[in-house]
Amino acid sequence: LKINALPVQLTGRFGFLSNGYEMFFKLESKSSQLHDIVTVLPPEYLKWLQQTDVKGNADVYVTLGGKYIAATREMPSLTFNMNIRNGFVNHAKAPVPVSNLYLDFRSSIPNMNLDSAYVNVDSLHFNMDKDYLDMVLKLRNVNHPELHAMLKTDMDLEKWNQATGYKDIHFKGRLSAQFNADGTFRKGIVRKGRLRKNIDTALVCIPRFNLTATLKDGYAKIDTMPGSVDR
């Protein structure tokens, strides 16, 4: 099949059970062009694509499989994986492009249960001339997130804004940052006052984290807001 410009292979099966359905679908696109993958995004992104040079190789892999039985709340599992190699993004001939874009992305929702869901960005990297960003992110359980993250960057935010063509928010300044986090977000019961009815649920635990960052000559402006934040 072709979804806009993206060639994909689809295999699968769908069967009827006495109390529900059983299915397995696999959609994959191997050694595709990153440009072609962007054409699958919602229509508002296609206008951005017309003004942007997008290159690189990518693989996409999606599966949906298992039983759907409403009476026992049994649900199929969903996976979405994506790799990008040698990615390049340059909007309207910006002075410096995003280059060397590298991504390993894995995600899964077993039995459509958000408590078991996970996202694994094993590696995200890109350059803008000598500027760079490196990131690793692992997130498990959407309702009570367990987070493992690392980020390191040194970049000119205005050049990044120009290269990506993101227009709703405008950034300027040089950002240098290192961030590490490891642990769990957890909610608990909090009692307020002495009366039983004054009981609330609040965030009682966050991951251990360390952040070191500097921003020089910073500027931020949202198009829908009258003012800006600067210096």
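The structure we're discussing is the one just above.
Below or above, wherever it landed, is the structure these notes cover. Along each chain, residues carry numbers from 1 onward, in the same order as the chain's sequence is written. Totals for whole chains, interfaces and linings use all residues, but because this is a predicted model, local features are given only for residues with pLDDT of at least 70 and pairs of side-chain atoms are given and counted only at 80 or more. Based on all heavy atoms of the structure, the side-chain values leave hydrogens and waters out of the count.

**Brief notes about the pairing of strand E4 (residues 21-33)**
Side chains on a regular strand alternate between the two faces of the sheet. Strand direction decides the pairing type here: strand E3 (residues 9-16) and E4, joined by eight bridges, are antiparallel. Its bridge partner being in E4, Arg-13 is matched across the sheet by Phe-24. Paired strands, in this sense, are two strands between which DSSP finds at least two bridges. Think of it this way: any DSSP run of H or I at least four residues long counts as a helix, any run of E at least two long counts as a strand, and we number them from the N terminus. In this antiparallel pair of consecutive strands, E3 and E4, the connection spans four residues. Pairing geometry for E4 and strand E5 (residues 52-68), over 11 bridges, is antiparallel. Looking at E5, one finds that Leu-27 is bridged to Val-62.

**Describing a nonpolar patch on the surface**
Patch membership needs two things, relative accessible area over 30% and no salt bridge, and members are linked within 9 Å if like-charged or within 5 Å if nonpolar (Val, Leu, Ile, Met, Phe, Trp, Tyr). All accessible-area figures derive from a Shrake-Rupley calculation using a 1.4 Å probe, and residue coverage is judged against the displayed protein chains alone. A pairing counts as a salt bridge when a side-chain nitrogen of Lys or Arg comes within 4 Å of a carboxyl oxygen of Asp or Glu. There is a patch of nonpolar side chains on the surface, built from Phe-14, Phe-16, Tyr-21 and Tyr-68 and spanning about 430 Å² of accessible area. Position of Phe-16 relative to the elements: it lies in strand E3.

**Topic: the pattern of salt bridges**
Using the criterion set out here, one finds seven salt bridges in the structure. The salt bridge involving Asp-53 is made with Lys-55; its shortest N-O contact spans 3.8 Å. Asp-182 is paired through a salt bridge with Arg-208; the nearest N and O atoms lie 2.8 Å apart. Here Asp-182, found in strand E11 (residues 169-184), pairs with Arg-208, found in strand E14 (residues 208-222); they are 26 residues apart in sequence, far enough to count as distant. Whether a residue is buried, partly exposed or exposed follows from its accessible area with a 1.4 Å probe, protein chains only, as a fraction of its type maximum: under 20%, in between, or over 50%, in that order. Asp-182 gets classed as partly exposed once you look at its relative accessible area, which sits at 30%.

**Focus on the packing of aromatic side chains**
A pair of aromatic rings is counted whenever rings of Phe, Tyr or Trp (Trp by its six-membered ring) have centres within 6.5 Å, and the orientation is called stacked for planes under 30 degrees apart, edge-to-face for over 60 and tilted otherwise. Within this structure, the stated rule accounts for seven aromatic pairs. Plain terms: the ring middles of Phe-14 and Phe-16 are 5.5 Å apart, the flat faces sit at 90° to each other, and that makes the pair edge-to-face. Residue Phe-14 is classed as partly exposed on the basis of its relative accessible area of 44%. Arranged with centres 6.3 Å apart and planes meeting at 15°, the rings of Tyr-21 and Tyr-68 form a pair that is stacked. One end of the pair, Tyr-21, is in strand E4; the other, Tyr-68, is in strand E5, with 47 residues separating them in the sequence. Among the aromatic residues, those joined into a ring-pair cluster are Phe-14, Phe-16, Tyr-21 and Tyr-68.

**Considerations on helix H3 (residues 157-164)**
Given 3.6 residues to a turn, an α-helix orients residues that are three or four positions apart in the same direction. Those residues of H3 lying buried are Leu-157, Asn-161, Ala-163 and Thr-164. Take H3 and look down its axis: the buried residues cluster within an arc of 170°, on one side only. At the N-terminal boundary of H3, the capping side chain belongs to Asp-156, with an oxygen 2.9 Å from the backbone nitrogen of Glu-158. Count one or two residues on from H3 and you reach Gly-165, which has phi positive near 75°. The arc in question is the one spanned by the directions pointing from the helix axis to the C-beta atoms. In protein, a polar contact requires one atom able to donate a hydrogen and another able to accept it; more generally it is a pair of N or O atoms within 3.5 Å, and residues adjacent in sequence count only if both atoms are side-chain atoms.

**Focus on unusual backbone geometry**
Even without glycine at this site, Ser-31 takes up a positive phi of about 50°. Locating Ser-31 in the fold gives a position in strand E4. Overall, the relative accessible area of 63% leaves Ser-31 in the exposed class. You will see that Asn-141, though not glycine, has its phi angle at about 70°, which is positive. Since its relative accessible area comes to 16%, Asn-141 is described here as buried.

**Here's the deal with the sheet that holds E14**
Sheet strands pair by backbone hydrogen bonding; their relative direction is either parallel or antiparallel. Sheet architecture is open: 11 strands sit in the order E3-E4-E5-E6-E7-E8-E9-E10-E11-E14-E15, paired in antiparallel fashion. Taken across any chain shown, the strands that pair with only one partner, and hence form the sheet edges, are E3 and strand E15 (229-230). Where strand E8 (residues 118-128) and strand E9 (residues 131-140) come together, nine bridges link them in antiparallel fashion. For Tyr-118, the partnering residue across the bridge sits in E9 and is Arg-140. We call two residues contacting when some pair of their heavy atoms lies within 4.5 Å. Only the contacting stretch of a helix is used when fitting its axis, a line to C-alpha atoms as for every element, and angles between N-to-C directions run 0 to 180 degrees. On the sheet, H3 packs against strand E6 (77-91), strand E7 (98-109), E8, strand E10 (146-156), E11 and E14 and is oriented at approximately 100° with respect to E11.

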